[in-house]
Amino acid sequence: MKRFAGWCCVLAAALFISCGKDDVTGSLAFDEPAIFFSEGDTEPVTVHFTASNLDTFSISSKPTGWDNVVVNSAAMTVTVTPPSTFDEEDVKTGTVTLSGSGRDGAAGSASIFVGVVARQDLSAQRANSYIVSQKETNYLLDVMHRPDDASLATVSVGVVWQSASSLIQYVTLDNGKASFYVGADSNDETTIKSGNAVIGAYDASGALLWSWHIWVTAYDPSAAAGQRLFNGYTMMDRNLGALASGNESTDDIRSSYGLYYQWGRKDPFIGPSTYNFANGTAATIYNGSNVSLSATPVETSSSNGTVDYARLNPQLFLKGVEASEYDWLWSHDAALWTAPGTAKSLYDPCPAGWRVAPAAAFAGLTPEAASLEWANTKYSVTLAKDGVSSLFMGAGQRTYRDGKFQNFYFTDADPKSTRADEAQPWIGLYWTADASTAENLSAAVYFHYGSAEAVEAPYALRRAGGLPVRCVKE
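Residues numbered from 1 in each chain as written. Predicted model: local features only at pLDDT ≥ 70, side-chain atom pairs only at ≥ 80, totals over all residues. Heavy atoms only, no water.

S.K.: Please set out the side chain of arginine 463 residue by residue, giving values where relevant.
M.R.: On the secondary structure map, arginine 463 appears in the loop between strand E36 (456-462) and strand E37 (466-467). At a separation of 2.9 Å, a polar atom in the side chain of arginine 463 contacts the side chain of serine 442. (Helix = DSSP H or I, 4+ residues; strand = E, 2+ residues; numbered from the N terminus. Polar contact = N/O pair within 3.5 Å; in protein donor to acceptor, adjacent residues only side chain to side chain.)

S.K.: Mind laying out the sheet that holds strand E31 (residues 388-393), listing which residues take part and the relevant values?
M.R.: One open sheet holds the three strands; their spatial order is E29-E30-E31, and the pairing between them is antiparallel. If you trace the sheet from one side to the other, it starts and ends with strand E29 (366-367) and E31, each paired once. (Pairing = 2+ DSSP bridges.)

S.K.: Help me get a handle on the nonpolar core, residues and values and all.
M.R.: Among the nonpolar cores identified, the biggest contains 62 residues, and Val132, Ile168, Phe180, Ile199, Trp212, Ile214 and Val469 are the most heavily contacted of them. In terms of residue count, the dominant contributor to this core is strand E20 (residues 208-216) (six residues). Not counting chain neighbours up to four residues away, the residues in contact with isoleucine 214 comprise Tyr130, Val132, Leu141, Ile168, Phe180, Gly195, Asn196, Ala197 and Ile199. Counting 26 residues, the second largest nonpolar core, distinct from the first, contains Phe230, Met235, Ile253 and Trp426. (Core = buried A, V, L, I, M, F, W, Y, C linked by side-chain atoms within 4.5 Å. Buried < 20%, exposed > 50% of the residue type's maximum accessible area, 1.4 Å probe, protein only. Contact = heavy atoms within 4.5 Å.)

S.K.: Tell me about the pairing of E20, and please be specific about residues and values.
M.R.: Among the nine residues in E20, nine count as buried, and that is most of the element. One ladder, built from four bridges, connects strand E12 (residues 129-132) with E20; its direction is parallel. What sits directly across from valine 132, in E20, is valine 216. Judged from the eight bridges that link them, strand E19 (residues 195-202) and E20 form a sheet pairing that is antiparallel. Bridge pairing links alanine 201 to tryptophan 210 in E20. Here E19 hands over to E20 after five residues, with glycine 206 in that stretch at a positive phi of 90°.

S.K.: Just give me the short version of the pattern of salt bridges, but keep the residues and values in it.
M.R.: The final tally for this structure, using the stated rule, is 10 salt bridges. Between arginine 126 and aspartate 142 there is a salt bridge whose closest N-O contact spans 3.1 Å. Of the two residues, arginine 126 is situated in the loop between strand E11 (118-121) and E12 and aspartate 142 in strand E13 (residues 137-142); the sequence distance between them amounts to 16 residues. Its salt-bridge partner being aspartate 327, residue arginine 463 comes within 3.7 Å of it at the nearest N-O pair. (Salt bridge = Lys/Arg side-chain N within 4 Å of Asp/Glu carboxyl O.)

S.K.: Give me the lowdown on the side chain of asparagine 196, citing residues and values where you can.
M.R.: Of note, asparagine 196 is situated in strand E19. For asparagine 196, a relative accessible area of 3% corresponds to the buried category. Of note is the side chain of asparagine 196, whose polar atom sits 2.7 Å from the side chain of histidine 213. In terms of polar contacts, asparagine 196 uses its side chain to reach the backbone carbonyl oxygen of glycine 241, at 2.9 Å. When residues no more than four places from it in sequence are discounted, the contact partners of asparagine 196 are Trp161, Gln162, Ser163, Leu167, His213, Ile214, Trp215, Gly241, Leu243 and Leu259.

Structural data, given as structure tokens:
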């Protein structure tokens, strides 16, 4: 790969193999998956390709307006020059396809993404979670350091899991930074394709060193409209990882649950597969190749109930057992998350400038009467204090014993509906940053369907349980 002028980043590869007669095969692959140009770049970028049993090459397709794409068969390179201007019918992103042929009918092709896109470098921030909100953008993230600036011997990066296929694209290591691309929603090209992902940094042996949550959302927590002030704490108006904040539809309800966390762990777990927790299973997640993943919960033990094991296996839910006092961490640690007034912990899952809310932030929050009416209490309630209100989801929990999603509240209240678009009796549980050393429990927030009483905060729970989280400003 060669770099010429202007900011650009050449990033992995598409491969096609074809057979000719007598089983002669041809293969073709780019060394990199994408070429990113910044607005105003005019200098070309050259990327290498490899081929087997092919000797003649040509560009078989390219984006409209990208006329200057040149193949050098001898050097086995393709050089792309971005358009200096774009006419109305031209496109700023697309795919260049290289085709090859050889003797006895062998053939192959490979594709590479090219685009003039925005660029955002998140490396100045230090956190375990990053908000990504601009569509058609190449993002950069320092993966050579943990949030506490400790060095990492990173040699490669990749997607650990993502909530939708092709959410995080063209991931590669570029000068010590993870480089990746987030596109537009295929159903609405004016908005970003939203979802959640975890990307990881790996050492030379392929072992995971650290991982970061990428929250892809149009939500802006720095805007006043996206904040609520409770008890002196500025709180996000939605759950960490939520893709909505509403209950108008079943899709809104499930999207508003956000992600689930075991107390003290930095990495999130995907929410339930259905809004009403019908079968207790988690939603589907995918790896970087867009293949669905299975992440069966495992019981904690003296060997795997460690911070290191949790770090190496961020996708695994660690079930509590009696011998661990139903903590995922065998030896217990009440300082993995910390409340305001002390330094933000290394394992806090909130983005830079934010931290897990303490129990004190929820004190005295009481349901608004209108939100308790049957038509409005669809897996949620509006909690308020001193004239400030926010929708909180009755998002249940991942139980500490088996890791299954569970959401029910036994009640004699009527009516009880079995319609899919109406509420069922539910519970609301949120982790807080506060740990109780008594019996190795931690403090949660608790409220439930039909109750007009203020929330219970703190409400002691076993740390292996998986609950949503709200973040407050540091």
